[in-house]
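Fold and contact review
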Amino acid sequence: MSGYDPLGVGEEQGRRIDALKRSQDTFERNTDYALSSLQSKLSDVEETVERLEDRERSATRRFETLEADLQEAKEIAEAPLRRTRGEES
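Computed from a predicted model, the values in this text were never measured in an experiment.

**Details of a negative patch on the surface**
Together, D44, E46, E47, E50, E53 and E56 line one region of the surface with negative charge. By secondary structure assignment, the location of E46 is in helix 1 (residues 11-88). Residue class for E46 comes out partly exposed when judged on its relative accessible area of 44%.

**Description of the pattern of salt bridges**
Think of it this way: side chains of opposite charge can pair up when their charged atoms draw near. Per the stated rule, a full pass over the model turns up 3 salt bridges. In this structure, the salt-bridge partner of R15 is E12, at a minimum N-O distance of 2.9 Å. Residue R15 and its partner E12 are located together in helix 1, separated by 3 residues, close to a single helical turn. Residue classification places R15 among the partly exposed residues on the basis of a relative accessible area of 47%. Note on E12: relative accessible area 42%, which makes it partly exposed. Salt-bridge contacts for E12 lead to R16; the nearest nitrogen and oxygen are separated by 3.5 Å. Remark: R16 and E12 occur in helix 1; sequence separation between them is 4 residues, near one turn of the helix. The structure contains a network of salt bridges with shared partners spanning E12, R15 and R16.

Rules of the game
- Residues numbered from 1 in each chain as written.
- Predicted model: local features only at pLDDT ≥ 70, side-chain atom pairs only at ≥ 80, totals over all residues.
- Heavy atoms only, no water.
- Patch = residues over 30% accessible without salt bridge, like charges linked within 9 Å, V, L, I, M, F, W, Y side chains within 5 Å.
- Areas by Shrake-Rupley, 256 points an atom, 1.4 Å probe, with all protein chains shown as cover.
- Salt bridge = Lys/Arg side-chain N within 4 Å of Asp/Glu carboxyl O.
- Lys, Arg positive; Asp, Glu negative; His and termini not counted.
- Charge placed at Lys NZ, Arg CZ, Asp CG, Glu CD.
- Helix = DSSP H or I, 4+ residues; strand = E, 2+ residues; numbered from the N terminus.
- Buried < 20%, exposed > 50% of the residue type's maximum accessible area, 1.4 Å probe, protein only.

Any functional reading would require information beyond the geometric quantities listed.
Quick look at the structure:
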């Protein structure tokens with residue numbers, strides 16, 4: 001046999017093996033790239049979730065403050081009515 005046959009399997013089989021190795025290398029590179037891309041996207045999603053959770057906590061605190069302010073304003077507004085009703089009784 002003539003030609004390159006490092007594995008001792010024959011030229012045709014050697015070419016097939018080399019082609020399979022190249023395909024495997026390409027597949028591994030593509031897989032590594034896809035994995036890296038997905039990890040980057042996951043990181044972006046995690047950061048977005050953190051920001052949304054921070055916003056939710058902030059909105060909840062603001063709502064609770066507004067709710068307390070409203071209750072205080074209601075009590076202040078009703079105080080004259082309670083005094084008037086108390087005087088009438």
